[in-house]
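Here's the letter readout for the chains.
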Amino acid sequence: MTSGPEFTPDFRVRLVDLFRWRRDVRRFKPAPLPEGALERLLDLASVAPSVGLSQPWRFVVVESAARRDAVRACFERCNAEALASFAGERAALYARLKLAGLTEAPCQFAVFADRTTGQGHGLGRLTMPATIEYSAVMAVHTLWLAARAEGIGMGWVSILDPAEMATILDAPPEWTLIGYFCVGYPSEEHSVPELEREGWEVRRPSIVITR
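Residues numbered from 1 in each chain as written. Predicted model: local features only at pLDDT ≥ 70, side-chain atom pairs only at ≥ 80, totals over all residues. Heavy atoms only, no water.

(A) Just helix 4 (residues 88–96), in detail. If you check which residues of helix 4 are buried, you get Ala91, Leu93 and Tyr94. Taken down its axis, helix 4 places every buried residue within 165° of arc, on the same side. Turned more than 90 degrees away from the buried face of helix 4, the exposed residues are Gly88, Glu89, Ala95 and Arg96. Contacts from the buried residues of helix 4 go to helix 3 (65–84). (Buried < 20%, exposed > 50% of the residue type's maximum accessible area, 1.4 Å probe, protein only. Helix = DSSP H or I, 4+ residues; strand = E, 2+ residues; numbered from the N terminus. Arc of directions from axis to C-beta. Contact = heavy atoms within 4.5 Å.)

Quick look at the structure:
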């Protein structure tokens, strides 16, 4: 048995700053990331918790211009459909939102969860199979915070058709799309998230129920 690390009060304060300053970035500088930075961040995701130590996340880094164009076309179609589902002032507000950095972001990757992975031997997911997807989301969050700590921005693009994305990226049928992510240096910094600044929604305290 070894003793755990000691985290100072100053570290805990800075950790809260990291949580509060994590942003869903949609506006990126064109500057590339340093050599090996993306690979290092993707590797850090392996320390995320996962059900049964299954590590079901699968990263697909997208460098092909043709595939990026196809992803952008998929987003534009899905975004138009989403816009059509709103009306009045809410539709006008939605139309003003910038919901992806697909044109500007120098790095882009998709995250999938492999539902059939043999790693972990099925531990913990017999009654709750969705924990495979939850585990992949934990990897995303771990990577997101690590990126933010280095001043690197990350944006989650979810306005996409999963079946079409699987075709675009040649993903196996047993993989579930978690999201598509844009990564790069933010072109601006704000203390308040964009959806709050634009009036789409406000952050509320956690809902806690005591039984």
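(B) Molecular detail of the sheet that holds strand 3 (residues 153–157). Strand order across the open sheet formed by four strands is 1-2-4-3, with antiparallel pairing between neighbours. The strands lining the two open edges of the sheet, one partner per strand, are strand 1 (57–61) and strand 3. Averaged over all adjacent pairs, the angle separating strand axes in this sheet is 30°, with direction ignored. As paired elements, strand 2 (residues 107–114) and strand 4 (residues 175–184) share eight bridges and run antiparallel to each other. By the bridge assignment for strand 4, Cys107 is matched with Val183. Where helix 5 (residues 131–149) meets the sheet, its contacts fall on strand 1, strand 2, strand 3 and strand 4, and the angle it forms with strand 2 comes to roughly 150°. (Pairing = 2+ DSSP bridges. Axes fitted to C-alpha atoms, helices over the stretch in contact; angles between N-to-C directions.)

(C) Fine view of the side chain of Arg68. Residue position: Arg68 is located in helix 3. Buried charge without a partner: Arg68 forms no salt bridge, and the closest opposite charge is Glu63, 6.7 Å away. Apart from residues lying up to four places away in sequence, Arg68 is in contact with Val62, Glu63, Ala105, Pro106, Cys107, Gln108 and Tyr180. (Lys, Arg positive; Asp, Glu negative; His and termini not counted. Salt bridge = Lys/Arg side-chain N within 4 Å of Asp/Glu carboxyl O.)

(D) Summary view of the packing of aromatic side chains. Throughout the structure, instances matching the rule amount to ten aromatic pairs. In this structure an aromatic cluster arises from ring pairing among Phe59, Phe109, Trp144, Trp156 and Phe181. Just above the ring of Trp21 sits the side chain of Arg23; from NZ or CZ to the centre is 5.7 Å. The positively charged end of Arg90 is found above the aromatic ring belonging to Trp200, 4.4 Å away from the centroid. (Phe/Tyr/Trp six-rings, centres within 6.5 Å; stacked < 30°, edge-to-face > 60°. Lys NZ or Arg CZ within 6 Å of the ring centre and 35° of its normal.)

(E) Here's a closer look at the pairing of strand 2. With respect to burial, strand 2 is a largely interior element, eight of its eight residues being buried. Side-chain alternation along strand 2 places Cys107, Phe109, Val111 and Ala113 on one buried face and Gln108, Ala110, Phe112 and Asp114 on a second face that is also buried. Both strand 1 and strand 2 contribute to a ladder of five bridges, which runs antiparallel. Looking across to strand 2, one finds that Val61 is bridged to Phe109.

What is shown is where atoms sit, not what they do.
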